[in-house]
Amino acid sequence: MIYVIILRIEIEGVKALHETEHTVIPDRILASSLMCAVAATGGNVKLENVKPGDLSPILTPFCETGCKLFTTDRSLTIKAPKRIKSINSIKTGPYPGFPTDSQAVFSSMLSKAHGVSVIQETVFENRFKHIYELNRFGADILVHDRTAIIRGVKKLHCAKASCTDLRGGAAVVIAALAAEGTSLINNIYHIDRGYENFEKQLSQLGAAVTRINDEKEKQGN
């Protein structure tokens, strides 16, 4: 199923604008990415400055994996088991459905789950480019049309992989965090389009991740 949303916005100009204040809402996709990293590595992390209400489409799937969630008005704590459980079915959709931008990081997280998970992408075409890169780490994921069948494995091994796009890049990094050994991730400029200092945020959570050859990479792309 493909969702088509048609919006019309009418703007009537004014002579002058006046000052105001606006608070930017927390990034729910960043939150879901960090949560997937925690679940994939068996961590226990408290995220500040999040709005659990905005995360409601992904909270139930996380609970299905066996993760324990504790929320307040502005924070969320996620405690993951040593190995998460699979999720029977996830289907992306427009808000307030499961966000398509969380699909890639969930694919990475579920590659280590116990059991078989199914993710159906209904929003965008060709949104599974990252799957080939995840399989480099030993993941067992098969894509058929717009559906990914993820057979969880006990262990992932280190690999040399590339970021295929913004969210796919985050998924590859999560796979590397959950894998044994040292991995090398290329084309990280994709990640920089949507995550600010992603490696520093992960390092604050205890990850051993370092950015290298940054200038050479930017010059070459």
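A brief structural summary. (Residues numbered from 1 in each chain as written. Predicted model: local features only at pLDDT ≥ 70, side-chain atom pairs only at ≥ 80, totals over all residues. Heavy atoms only, no water.)

## Focus on the overall build of the protein chain
Filter applied, for reference: Numbering of helices and strands runs from the N terminus; a helix is a DSSP stretch of H or I covering at least four residues, while a strand is a stretch of E covering at least two. Only C-alpha atoms enter the radius of gyration; for comparison, a globular chain is expected to reach 2.2 Å times N to the power 0.38, where N is the number of residues. Throughout, exposure labels follow a simple rule: accessible area from a 1.4 Å probe, protein chains only, divided by the maximum for the residue type, with under 20% read as buried, over 50% as exposed, and the rest as partly exposed. Computed with a 1.4 Å probe, the accessible areas rest on the Shrake-Rupley method; for each residue, only the protein chains presented here act as cover. By the counting scheme adopted, Arg and Lys are positive, Glu and Asp are negative, and His together with the chain ends is not counted. In plain terms, the charge of a residue is placed at NZ if it is Lys, CZ if Arg, CG if Asp and CD if Glu.
A count of helices and strands for the protein chain gives 8 helices and 9 strands. For 221 residues, the compact-globule estimate of 2.2 N^0.38 gives 17 Å, and the protein chain sits close to it at 18 Å. Taken along its principal axes, the extent of the C-alpha atoms in the protein chain is 60 × 40 × 35 Å. Here the protein chain holds 221 residues, and the buried ones make up 45% of them. Accessible surface, the protein chain: about 13000 Å² in total, of which carbon and sulfur atoms supply 51%. Between the centroid of the 27 positive side chains of the protein chain and the centroid of its 23 negative side chains there is a distance of 8 Å.

## A word on the packing of aromatic side chains
In plain terms, the rule: Each Phe, Tyr or Trp ring, with Trp reduced to its six-membered ring, pairs with another whose centre is within 6.5 Å; inter-plane angles below 30 degrees give stacked pairs, above 60 give edge-to-face pairs, and intermediate values give tilted ones.
Under the criterion given, the structure shown has 3 aromatic pairs. With a centroid separation of 4.9 Å and an interplanar angle of 55°, the aromatic rings of Phe62 and Phe106 are classed as tilted. Of this pair, Phe62 sits in helix H2 (residues 56–64) while Phe106 is found in helix H3 (residues 103–110), placing the two residues 44 residues apart along the sequence. Look at Phe106 and you get buried, because its relative accessible area is 0%. The interplanar angle of 35° and the centroid separation of 4.6 Å between the aromatic rings of Tyr195 and Phe198 together place this pair among those described as tilted. Of the two residues, Tyr195 and Phe198, neither departs from the other in class, the shared state being buried.

## Considering the state of the cysteines
Simply put, disulfide is the name for a covalent bond between the sulfur atoms of two cysteines. Rules: By convention in this document, the label disulfide applies to cysteine sulfur atom pairs within 2.5 Å.
In total, this model carries 0 disulfides according to the counting rule given. Its sulfur unpaired, Cys36 is 8.9 Å from the next cysteine sulfur, which belongs to Cys67. For the unlinked cysteine Cys163, the closest cysteine sulfur is that of Cys36, found at 16 Å. For Cys163, a relative accessible area of 3% corresponds to the buried category.

## Some thoughts on the sheet that holds strand E1 (residues 44–48)
Defined as follows: Any two strands with at least two DSSP bridges between them are considered paired. The angle between two axes is taken between their N-to-C directions and runs from 0 to 180 degrees, where each axis is a line fitted to C-alpha atoms and a helix contributes only its stretch in contact. Any two residues having at least one pair of non-hydrogen atoms within 4.5 Å are treated as being in contact.
One open sheet accounts for 3 strands, arranged E1-E3-E2; its pairing is antiparallel. Looking at strand neighbours, the two that pair on one side only are E1 and strand E2 (68–71), the edges of this open sheet. Across the sheet, the mean angle separating the axes of adjacent strands is 15° when strand polarity is ignored. With 4 bridges joining them, E2 and strand E3 (residues 75–79) adopt antiparallel strand pairing. Across the sheet, Leu69 pairs through a bridge with Ile78, a residue of E3. Against the sheet, helix H1 (residues 28–41) makes contact with E1, E2 and E3, and its axis sits at roughly 170° relative to E1, the strand it touches most.

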